Amino acid sequence: MRKYENWRELVKECGESGKPAKTWCMEHNIPYYTYRGWLKRAETQAVDVQAKRFAKVELHEPNISAQEIKLSCGKWTITLGRGFDAEQLIEVLRAVSRICS
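Residues numbered from 1 in each chain as written. Predicted model: local features only at pLDDT ≥ 70, side-chain atom pairs only at ≥ 80, totals over all residues. Heavy atoms only, no water.

A. Region of the structure containing the overall build of the protein. Secondary structure assignment for the protein yields 4 helices and 2 strands. Per-residue burial for the protein yields a buried fraction of 18% across its 101 residues. In the protein, the proportion of contacts linking residues at least 24 apart, taken out of those at least 6 apart, comes to 29%. In the form shown here, the protein has an accessible surface area of approximately 8800 Å², with 55% of it arising from carbon and sulfur atoms. (Helix = DSSP H or I, 4+ residues; strand = E, 2+ residues; numbered from the N terminus. Buried < 20%, exposed > 50% of the residue type's maximum accessible area, 1.4 Å probe, protein only. Contact = heavy atoms within 4.5 Å. Areas by Shrake-Rupley, 256 points an atom, 1.4 Å probe, with all protein chains shown as cover.)

B. Layout of the pairing of strand 2 (residues 76–81). Pairing analysis gives 6 bridges linking strand 1 (residues 68–73) to strand 2, with the strands arranged antiparallel. Bridged to leucine 71 within strand 2 is isoleucine 78. In sequence, strand 1 turns back onto strand 2 through a hairpin of 2 residues, with glycine 74 there showing a positive phi of about 65 degrees. (Pairing = 2+ DSSP bridges.)

C. Summary view of helix 1 (residues 7–17). Along helix 1, the positions that sit buried rather than exposed are Trp7, Leu10, Val11 and Cys14. Down the axis of helix 1, the buried set is contained in an arc of 100 degrees. They therefore lie on one face. Residues of helix 1 that are exposed and point over 90 degrees away from its buried face: Arg8, Glu9, Lys12 and Glu16. Glycine 18 lies just past helix 1 and shows a positive phi near 80 degrees. (Arc of directions from axis to C-beta.)

Below you can see the structure in the form of structure tokens.
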């Protein structure tokens, strides 16, 4: 059995190829289920790394009675109203993290 030492590079190469993953895997003689395992591992590690990072938080005109909260990072802004669903926010942040990383 061939061991893929550079699986992270292969996942990146597949993503950058613009081809469907199954097609890319067949062209490179890599079992698709192996690629999917790498992809899942890469996503899990990316979330773990993101969770351990710190970000600078700036308060502009603090107002405790504000009706909304805005989270900004680069070109992304997420606006939260009172009573927002924290679990939904976590899912949105994970999705943004996958897109941005």
